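Structure assessment
The residues making up each chain are set out below.
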Amino acid sequence: MKVETMSSDTLTFTVQGLSCGACAARAERALGAVPGVVSAQVNLSAETAVVEMSPQAGLLEALKTAAQNAGYPIALRKSAQDRAQGTADKDAARTELRQMFWIALVLSLPVVVLEMGGHIFPPFHHWVARTIGMQTSGMIQFVLTTLVLMWPGRQFFALGVPALAKGAPDMNALVAVGTSAAWAFSTVSLFLPGVLPEGTAAFYFEAAAVIVTLILLGRMLEARAKGRTGEAIRKLVALQPRTTTVERDGHEVELAIDKVQRGDILHVRPGEKIAVDGVVLTGSSYVDESMLTGEPMPVEKTAGAHVVGGTLNGNGALRYSAEAVGEETTLAQIIRMVEDAQGARLPIQNIVSQVTLYFVPAVMAVAALTVLVWLLLGPDPALGHALVAGVAVLIIACPCAMGLATPTSIMVGTGRAAELGVLFRQGDALQKLQGVDTVVLDKTGTLTIGKPVVASFDVAKGYDSAEVLHLVASAEASSEHPIARALVAEAAHNEVTLTQPEAFTAEAGFGVKARIEGKDLLIGAARLMRREGIDLAAFTSHAHRLESEGRTPLFAAIDGKLAAVIAVSDQVKPTTPAALDALREMGLRIVMLSGDAQQTAEAIGRTLGIAEVVAEVLPGEKVSEIKRLQDAGPKVAFVGDGINDAPALAAADVGIAIGTGTDVAIEAADVVLMAGDLRGVANAIEASRNTMANIRQNLFWAFGYNVLLIPVAAGLLYPVWGVLLSPMLAAGAMAMSSVFVLSNALRLRWMPPAVPA
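Fair warning: this is a prediction, and the values are worked out from it, not measured in the lab.

1. Examining the UniProt feature "transmembrane region" (unreviewed entry) in the protein chain
Per the UniProt annotation, the sites labelled "transmembrane region" (unreviewed entry) are residues 100–121, 127–151, 172–195, 201–218, 355–377, 383–406, 699–718 and 724–742. In residues 699–718, helix accounts for 85% and strand for 0%; the two terminal C-alpha atoms are 28 Å from one another.

2. Re the pairing of strand E18 (residues 503–507)
As judged from the 5 bridges shared by E18 and strand E19 (residues 511–516), these two strands associate in the antiparallel manner. Within E19, the position partnered with Thr505 by the bridge is Lys513. Between the end of E18 and the start of E19, which pair antiparallel, lie 3 residues, with Gly509 showing a positive phi angle near 85 degrees.

3. A short note on unusual backbone geometry
Although it is not a glycine, Asp249 adopts a positive phi angle of roughly 55 degrees. Within the element layout of this structure, Asp249 appears in the loop between strand E6 (243–248) and strand E7 (251–256). Exposure remark for Asp249: the relative accessible area of 76% places this residue in the exposed category. With a phi angle near 50 degrees, Asp559 is a residue other than glycine that sits in the positive phi range. Positionally, Asp559 belongs in the loop between strand E21 (552–558) and strand E22 (561–569).

4. Quick word on the environment of Val260
Counting through the fold element by element, Val260 comes out in the loop between E7 and strand E8 (265–268). Taking the C-alpha atoms as reference, Val260 lies 8.0 Å from Ala322; in sequence the two are 62 residues apart. Val260 has contacts with Thr244, Val246, Leu266, Val276, Ala322 and Val325, leaving out every residue within four places of it along the chain.

5. Here's the deal with the sheet that holds strand E15 (residues 422–424)
Read from one edge of the open sheet, 7 strands run E15-E27-E26-E25-E16-E23-E24, paired in mixed fashion. Of all the strands in the sheet, just E15 and strand E24 (612–614) have a single pairing partner and so form its edges. Strand-to-strand twist in this sheet, taken as the mean axis angle between neighbours without regard to direction, amounts to 20 degrees. Along the sheet, helix H22 (residues 598–608) contacts strand E23 (589–593) and E24; its crossing angle with E24, the most-contacted strand, is approximately 150 degrees. Sheet contacts for helix H26 (residues 679–714): E15, strand E16 (438–442), strand E25 (636–640), strand E26 (654–658) and strand E27 (671–673); angle to E15, the most-contacted strand, approximately 50 degrees.

6. Some words on the side chain of Asp442
With respect to the helices and strands, Asp442 occurs in strand E16. In terms of polar contacts, Asp442 uses its side chain to reach the side chain of Lys622, at 3.1 Å.

7. So, the pairing of E23
Of all 5 residues in E23, 4 are buried; the element is thus mostly enclosed. In this fold, the crossover linking E23 to E24 by way of H22 has right-handed handedness.

8. Here we look at the packing of helix H20 (residues 540–548) against H22
Viewed as axis vectors pointing N to C, H20 and H22 meet at an angle of 20 degrees, and their least axial separation amounts to 7 Å. Classed by the angle they form, the pair H20 and H22 counts as roughly parallel. Of the two possible hands of crossing, H20 and H22 adopt the one that is right-handed. Residues His544, Glu547 and Ser548 of H20 lie in contact with H22, whose contacting residues are Gln599, Thr600, Ala603 and Arg606. Considering only residue class, the contact of H20 with H22 consists of 1 nonpolar, 4 polar and 2 charged.

9. A short note on the sheet that holds strand E12 (residues 306–307)
As summarised here, the arrangement of the 6 strands in space is E7-E6-E8-E14-E9-E12, forming an open sheet in which the pairing is antiparallel. At either margin of the open sheet sits one strand with a lone partner, and together these are E7 and E12. Relative to E7, E6 runs antiparallel, the two sharing 6 bridges. The residue bridging Glu247 from the neighbouring strand is Glu252, located in E7.

Rules used throughout
- All residue numbers refer to positions counted from 1 along the written sequence of the respective chain.
- The predicted nature of this model means local features are confined to residues of pLDDT at least 70 and side-chain atom pairs, given and counted, to a pLDDT of 80 or more, with totals for whole chains, interfaces and linings taken over all residues.
- Neither water nor hydrogens contribute to the side-chain values; these are computed over all heavy atoms in the structure.
- UniProt positions are given in the numbering used here, feature names are shortened, and annotations may be inferred rather than shown by experiment.
- In this description a helix means any DSSP run of H or I spanning at least four residues, a strand means any run of E spanning at least two, and both kinds are numbered starting from the N terminus.
- For two strands to be treated as a pair, DSSP must find at least two bridges joining them.
- Here the term buried applies to any residue with accessible area under 20% of the maximum for its type, exposed to any over 50%, and partly exposed to those in between, with areas from a 1.4 Å probe on protein chains only.
- Contacts are residue-level and defined by heavy atoms, with any inter-residue pair within 4.5 Å sufficient.
- Every angle, taken between N-to-C directions, lies between 0 and 180 degrees, and every axis is a line fitted to C-alpha atoms, over only the stretch in contact when it is a helix.
- Within 3.5 Å is the distance limit for a polar contact, defined as a pair of N or O atoms, with the added protein rule that one can donate a hydrogen and the other accept it, and that residues adjacent in sequence qualify only through two side-chain atoms.
- Here, the term right-handed applies to a crossover whose path from the first strand over the helix to the second runs clockwise when the strands point away from the viewer.
- Working definition: roughly parallel below 35 degrees, roughly antiparallel above 145 degrees, roughly perpendicular at 65 to 115 degrees, and oblique for all remaining angles.
- Should the near helix be turned anticlockwise from the far one by less than a right angle, the crossing is left-handed, and should it be turned clockwise, the crossing is right-handed.
- Nonpolar residues are Ala, Val, Leu, Ile, Met, Phe, Trp, Tyr, Cys and Pro. Charged residues are Asp, Glu, Lys and Arg, and all others, Gly as well, are polar.

Below, the structure is given as structure tokens:
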């Protein structure tokens, strides 16, 4: 296995030797039993293990030893280069698997023709008997089948026999026991027929050879499908260029991307990909950031603008300083989040893991019981019938489909979600989101652009507009609030100079207090003015009119007297109405939270068709509003983007952060939308519903397949129709069940967006 550091005490490994759900469960149990391990999760589809452990000396070696002893060697994965190497290793393994399949097929075909040809076309049987003879035919089958088992089939024995010896049989053990039984019985029938009860000697060489061939075919198709499940990760890794141009000692040199250091000066030419995250120093260009935001329009980049690694430069040339390199880049973090989601264990998967862990031993017990019942109660030749039924049970009952049912759907579903701009940071969010019935939306920055502008600036009698704007903007220059930036921008537009405040205090949800040029200023909502005893009568009717128009009125008071009312408006994002329509079509209840006055918030709600509006909500009250809704029964998803949204994001059943928001909000969220609009919410819910539906379909098939066909393989139909399931058909059915599960999961690759771009 290879590892990737996800945090100080969480490592990702690649795992070798996984062939079925029971393998994954045993590898997971072996890793989880190591002292110091908090949790271990093994993903059969990705062939990885995520281990959370305490940072203590020697633990890594203990993990490797435990995995090796269990038969599933691991290696630590550290970087994108390791991912690339892992992909190359899997490609090589798929090539070898394909070669082994074709060898097995070529060797098996003559065996099938010699043995089954006579059953299908009796004259062929007589021709063989007259020409080469049945004994020679048996010798040819013996030699070819032995080659099949010893060459392409040796992997089943190399892995299955040790697992059987340890008392932890897996799929390989089932195949090894089943084919060995068929081969051994046939060999005795060929060379020592006298030791068998009279009339029971028969050849089953073709069953052993074809079982190996069909299972190799299934594994080859399975490996090909698994390769496609990781397509999203490969596409993301491929976005990063391998080399870039860096200034070193006054010269421009071409360096590998992993040699770039923070603070390096990089050059990007027209049409090249930007190597790492940074800030533009000189130059001007338009950059295609659609891989990050989903927005098709290129974004202008000039001095001071931020650029992101993996995005595509346009026709201009840029010179920029590296700010984040290696695993710190935005692209690396996105890849890590997608991998975390793909390797996640959903609550539904715990049941599957427990079942598959004990399934193989139970199957071997059922096979042994089947043989015993046939020997005691079966018609002649009882031994032959017992062998056929026992081998068929062993082969058909492989739990591959069960082990693949959940992780393959998760890998493909979360990968497709990432392509649609949705990142699932927390694994269980994928399962939780499908059950959400109420979506709570923060207004500013979520429904709206989040960049308010000053729509009007009215002063009271006796005050000069320019002077009041000078004082207000000087006070707000110390604030990072979007409205503060709007006021500063208005001052700059009117060429008003600013003064450094002598004192400044900001109160979330109320406004600011400041002292400038000897004057005490209050700037904020009506609630701040009322609390401070400021008379608003002069502007009350004007404020109500602004609210009815969907604008937010702010008040400014100087030395305890009302000086101005400022109308601030924030435009609704162009994509918001379509996204809300999609959410309604999904049957979701929509609630808007806003710190605006009731009338203002309701006006915006009417414009967007949102009936439930909770207004005048202070930042600290958002959590209580979420809990109020939850207490009434609904599962609540909250969508926000600001620092003050972080507690609400954490309190909701599923927190969804707008990716263009603050790092604090993103860290508190379960789901991150890379683009800055609500279409991602609809896409996230659609991805969750489709993926969980796909998982249920896969589990229904996987469990139903075993429940129905194990009794058939044991001989349930024989008393009625005289039919025994051939081990060859059992092998084909087993292989096709895994291929069905994988193919069904791959349908998620073409999942359409809930809201077309």
